[in-house]
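Structural overview for review
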Amino acid sequence: MSPTALVTQVDPGPGLATLVETGRTTGAEEVLFWVLAPIMVIAALGLVFARRTVYAAMSVVLVMVCLAILYVAQEAPFLGVVQVIVYTGAVMMLFLFVLMLVGVDASDSLVETISGQRWIGVVFSLGLGAVLVGVVLTARGVAPRGLEGANADTNPVGVARVIFGDYVFALEVVGVLLITAALGALVLTHRQRLEKRMGQRERAEARVAEGAVLTPLPAPGVYARSNAMDAPALGPDGRPLDSSVPRVLRVRGQERSVADVAARPIDGTEHLIEVDEGLGEVPGTGSTPPERGITGEEPIR
Amino acid sequence: MNLSNYLVLSAVLFTIGTSVVLLRRNAIIVFMGIELMLNASNLAFVTFARMHGDLTGQVVAFFVMVVAAAEVVIGLAIIVAIYRTRRSASVDDANLLKS
């Protein structure tokens, strides 16, 4: 028996049979498909149901990465790489940029402008899905030919032969389209400046003109038990200075009063406070008594 | 596994993309639904290329990707321009031509 006859007798086995011979994919590809397909469908449904826009964007990214893996499994490695670079890398990141620009919390309103639109949409989608799946299932009888011949010189080379051979004019047109799109985006997002730009000098002059505070605002108070930002400083007249506390804390109502941070007597020295208070007001220590004492509660402005 | 499983998956993804366009109000999410539909059709193109042993399907999918990239750039620029003037990204609020 000659060696060549021996080779022809070897059966490649069910796992190694090619697509052309059996009309079916390999077992490994089948496993890959059944792992990725549910993930893709669930992630795509996340786009329908996600309340937060960023979650929707991330689920679309997941769908696109899974699609790239499927492309590589389907003998299209060039498209798989392009899918990752163009879609996941460029398009979805552009989406995320615009999300950050427009506002992440821009959520949907739940009010229907057209009554029953939701149910009509669901019915139409299900009908379209049924039609599409029915049409696609008619392709079940087609005997697949596989891409072994077309991909003989690696897939990118084969794709390049088709693009720069049969479709070179379409490629030129697409190049023009891309440049037009870039220019269009520049024009659409450009904003004409209607008035002169406010620089540092203009701001300073406007502040002087309107008589606002020219100096820096006073720093927060430093006390024996606290030097935090929420404790107001005391002015020369003994009143707490509201402007020494950051505005954000005042708006939130997180400003502390001086009474909260004032020194508390240690155990066993309470009688000294009474002695202190018994002295009463010392005459001649100031023409304007404080409206609010340092121990009183002050309203939050 | 028959190759038509890929086509069924593509049809399902296309349907989900359609329902996103029909059901959601946020213009950016509607846009992502359109992207999903384009991706689903690309998967069908790649599968067809493999079925027929012809790389033209992959080339068409490549062109779809390029055109989709250009479309996303313009669409997102329009959304940003509308948001600047209307402070809203909802498709229901862009009704200036109505009354």
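- Chain B is annotated in an unreviewed UniProt entry as NADH-quinone oxidoreductase subunit K of Cellulomonas bogoriensis 69B4 = DSM 16987.
- Under the heading Sequence similarities (unreviewed entry), UniProt records this for chain B: "Belongs to the complex I subunit 4L family."
- What the UniProt record of chain B gives under Subunit (unreviewed entry) is the line "NDH-1 is composed of 14 different subunits. Subunits NuoA, H, J, K, L, M, N constitute the membrane sector of the complex."

**Things to note about the UniProt feature "transmembrane region" (unreviewed entry) in chain B**
All names here are of chain B.
- Listed under "transmembrane region" (unreviewed entry) in the UniProt record, and renumbered for this structure, are residues 6–23, 28–48 and 60–83.
- Across residues 28–48 one finds 100% helix and 0% strand; the C-alpha atoms that close the span lie 30 Å apart.
- Here residues 60–83 runs as 100% helix and 0% strand, with 34 Å between its end C-alpha atoms.

**Let's talk about the confidence of the model for chain B**
- On average, residues of chain B score 88 in pLDDT, and 92% of them are at 70 or above.
- For this predicted complex, the interface confidence comes out at an ipTM of 0.91, alongside a pTM of 0.70.

**Some details on the confidence of the model for chain A**
Residues and elements named next belong to chain A.
- Per-residue pLDDT for chain A has a mean of 79; in total, 78% of the residues score no lower than 70.
- Ignoring residues within four places in sequence, the model shows residues 280–290, a span with pLDDT below 50, making 4 contacts including any to other chains.
- Within the model, pLDDT remains below 50 along residues 292–296, and this stretch shows 9 contacts once partners closer than five positions in the same chain are excluded.

Cut-offs applied
Residues numbered from 1 in each chain as written. Chains lettered and ligands numbered in written order. Predicted model: local features only at pLDDT ≥ 70, side-chain atom pairs only at ≥ 80, totals over all residues. UniProt positions renumbered as here; feature names shortened; annotations may be inferred. Helix = DSSP H or I, 4+ residues; strand = E, 2+ residues; numbered from the N terminus. pLDDT = per-residue confidence, 0-100. Contact = placed C-beta atoms within 7 Å.

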